[in-house]
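So you can see what is in the structure, the chains are spelled out below.
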Amino acid sequence: MPLLEVEDLRVAYGKIEAVKGISFTVEAGQVVTLIGTNGAGKTTTLRTLSGLLKPLAGKITFDGEVINDIGAHKIVAKGIAHSPEGRRIFPRLTITENLQLGAFLRKDAAGIQEDIERAYTLFPILGERRSQAAGTLSGGEQQMLAMGRALMSRPKLLMLDEPSMGLSPIMMQKIMETITELKSQGTTILLVEQNAQAALSLADHGHVMEIGTIALSGTGQELMHDESVRKAYLGED
Amino acid sequence: MNDLPQQLASGLILGAMYGLIAIGYTMVYGIVQLINFAHGEIVMFGAFGGLTAWLMLPKGTSLMLALPLMLVLAVGVSVLVGIGAERFAYRPLRNAPRLAPLITAIGLSIMLQQLIWSFYPDAKKARTFPQFSGESVHLLGANVQRGELFLLIAAPVCMIALGFFVAKTRTGRAMQATSQDPDTAKLMGINTDRIIVTAFAIGAAFGGVAAVAYGLKYGQIDFKIGFILGLKAFTAAVLGGIGNIYGAMVGGLVLGLAESLATAYIELIPGMELFGGGAWKNVWAFVLLILVLLVRPQGLLGERIADRA
């Protein structure tokens, strides 16, 4: 049984349907990526999975439980953590406080402290600046914080929305290396990216989204070598 | 000018009361970006709650003994009205255009005033609020009424408690997160609906304390007191930087001092003889607001909008 199963999911903003019936699964331990252009419905899909948007129709099953109608604040308790588009760190709280909020529902103080130290090992720059307001960090550092914060709930599924957006090439590479490292530790990841090359190269499975539908699916390698994908998303002609 | 200590004391006392009420505006605004214009009426309900407690007690009860019960009832009534307003007036409009909750707030104000006017016994005219008897207290060169002493104790206690709550408790941390980014706060597992109710409840509770302080200070209350109190406290909240709890208290104190000092001393300035005295105090309060906003649109302790992104 897959960890996450999305069946015929439809999501609308008012009368405009942004996601028009998509289905896909994520197996435990896999990295699955959704790629596609702006407005394809990738972010909408993630925001629906984490409960910020209500689906119009369809079924979302996570860890054997239908989670369609669960409020956003209860989803994280089920084991889904969402690192949102644009990073969305809490700018006027310190880095440590941001990480603590990621563990908001956990009660094990010792375990939380341990995980904060682990985040500082994964991202040493955050450890050096732990008492600074998070708003003072650079874009790449904020991305690290957003990912670290999402990991603080010890999720079964980590959803990353555009982790490389707006970052310098060096910082982008660092973020992708981190995702690879998380993958090797067995973290299940649903990755939304515009940087299709980077996403496909580390994904087990990929889905190409086009205006609210899944146009093409395959393993990361298959999609990377697919003619139409290469033309549309990898900048080759 | 030899009554300066007296004027400073009056200003601080008045300002502490404005500050306590301003907390209600600023907390709600900080979380949901809504100006709860019915907050003055929530305070007014608290005052009638306090009065009711006093009237329920046997005649001859000492005010000192009655005060805790009056506070409990005042705070209780204010909190109930505050939570009710959130649940039934504002929550259904959470995603409506901003004008809708604003108009609702004004409607709610009128409704709350009319409820007291219509149903509270003898509330069509002012009702007497119990007073501490005895000499006023001499404090640093100023005479402070016994009823005003309550405010000088209650305001700092409330502020310290709130500062501790916001900075040190789990709910306080969740409150900060919700005010900075409500959607992301939900992703952390924070029940933002509950946080919003908490913000309304805390603001209303402070209003209840201020209501009892008002009654003790002025000796009478009526169904209209919420209007000007609310307007002044809102001014204090904006002056201090709306959304910032310390700003609310600072704004209140600055406003109280400005009113008190302008009332006493403006007429001493050559050419300003006509503008002194109590009749002009509201004018000076709003002149101060305009001047501060011209120089610091974000208020005394407010962040610039750019810092919030």
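This write-up is about the structure you can find in this document. Bear in mind the structure is a predicted one, so any value in this text is a computation, not a measurement.

Before going further, it helps to examine the overall build of chain B. Looking only at helices and strands, chain B has twelve helices and four strands in total. Dimensions along the principal axes, computed over C-alpha positions, put chain B at roughly 60 × 55 × 35 Å. Within chain B, the proportion of its 309 residues that are buried is 47%. By sequence separation, contacts in chain B at least 24 residues apart represent 75% of the contacts at least 6 residues apart.

So, about the environment of Ile221(B). Residues and elements named next belong to chain B. Tracing the sequence through the fold places Ile221 in strand β4 (residues 220–221). Between the alpha carbons of Ile221 and Arg127 there is a distance of 5.5 Å; along the sequence they are 94 residues apart. What Ile221 contacts, discounting residues up to four positions off in sequence, is Ala47, Phe48, Leu51, Ala126, Arg127, Phe129, Tyr214 and Gly215.

A separate point is the interface of chain B and chain A. Counting residues at the interface gives 15 residues for chain B, matched by 18 residues for chain A. The element that contributes the greatest number of residues to the side of chain B that touches chain A is helix α6 (residues 170–180) of chain B, accounting for five residues. Classifying every residue of the side of chain B that touches chain A gives five nonpolar, six polar and four charged.

The subject of this paragraph is unusual backbone geometry. All names here are of chain A. Unusually for a residue other than glycine, Asp8 sits at a positive phi of about 50°. Backbone geometry places Arg87, a non-glycine residue, at a positive phi of 75°. Take Arg87: it is sitting in the loop between β6 (80–83) and α3 (95–102). Owing to 25 C-beta atoms within 10 Å, Arg87 belongs among the buried residues under this scheme.

Residue and element names in this part refer to chain B. With their axes 9 Å apart at the nearest point, helix α10 (residues 245–265) and helix α11 (residues 281–295) run at an angle of 130° to one another. Considering their axes alone, α10 and α11 lie oblique with respect to each other. Crossing of α10 against α11: the hand is right-handed. Contacts between α10 and α11 involve Leu255, Ala258, Glu259, Ala262 and Thr263 from the former and Lys281, Trp284, Ala285 and Leu288 from the latter.

For a regular strand, side-chain orientation follows a simple rule: the groups alternate between the two sheet faces. Residue and element names in this part refer to chain A. Burial along β6 is two-sided: the residues Ile80 and His82 and Ala81 and Ser83 are all buried. Relative to strand β7 (residues 157–161), β6 is paired through four bridges, and the arrangement is parallel. By the bridge assignment, Ser83 is partnered in β7 with Leu160.

Criteria and thresholds
Per chain, the residues get numbers from 1 upward, laid out in the order the sequence is written. Here chains are named by letter from A upward and ligands by number from 1 upward, in the order in which they appear as written. Where totals are concerned, whole chains, interfaces and linings use all residues; where local detail is concerned, this predicted model gives features only for residues with pLDDT of at least 70, and gives and counts side-chain atom pairs only at 80 or more. Segments assigned H or I by DSSP are reported as helices when at least four residues long, segments assigned E as strands when at least two residues long, and all are numbered from the N terminus. Field definition: a residue is buried when 20 or more other C-beta atoms are found within 10 Å of its C-beta, exposed when 12 or fewer are, and partly exposed for counts in between, with C-beta atoms placed from the backbone. Contact between residues is assigned whenever the C-beta positions, reconstructed from backbone atoms, fall within 7 Å. Each residue gets one label: Ala, Val, Leu, Ile, Met, Phe, Trp, Tyr, Cys and Pro are nonpolar, Asp, Glu, Lys and Arg are charged, and the others, such as Gly, are polar. A fitted line through C-alpha atoms serves as each axis, taken over the contacting stretch for helices, and the angle formed by two N-to-C directions is quoted from 0 to 180°. Here the angle decides the label: under 35 degrees means roughly parallel, over 145 means roughly antiparallel, 65 to 115 means roughly perpendicular, and every other value means oblique. Helix crossings get a hand from a simple test, with the near helix turned counterclockwise from the far one by less than a right angle marking a left-handed crossing and a clockwise turn marking a right-handed one. Any two strands between which DSSP finds at least two bridges are classified as paired.

These figures come from the coordinates and say nothing about function on their own.
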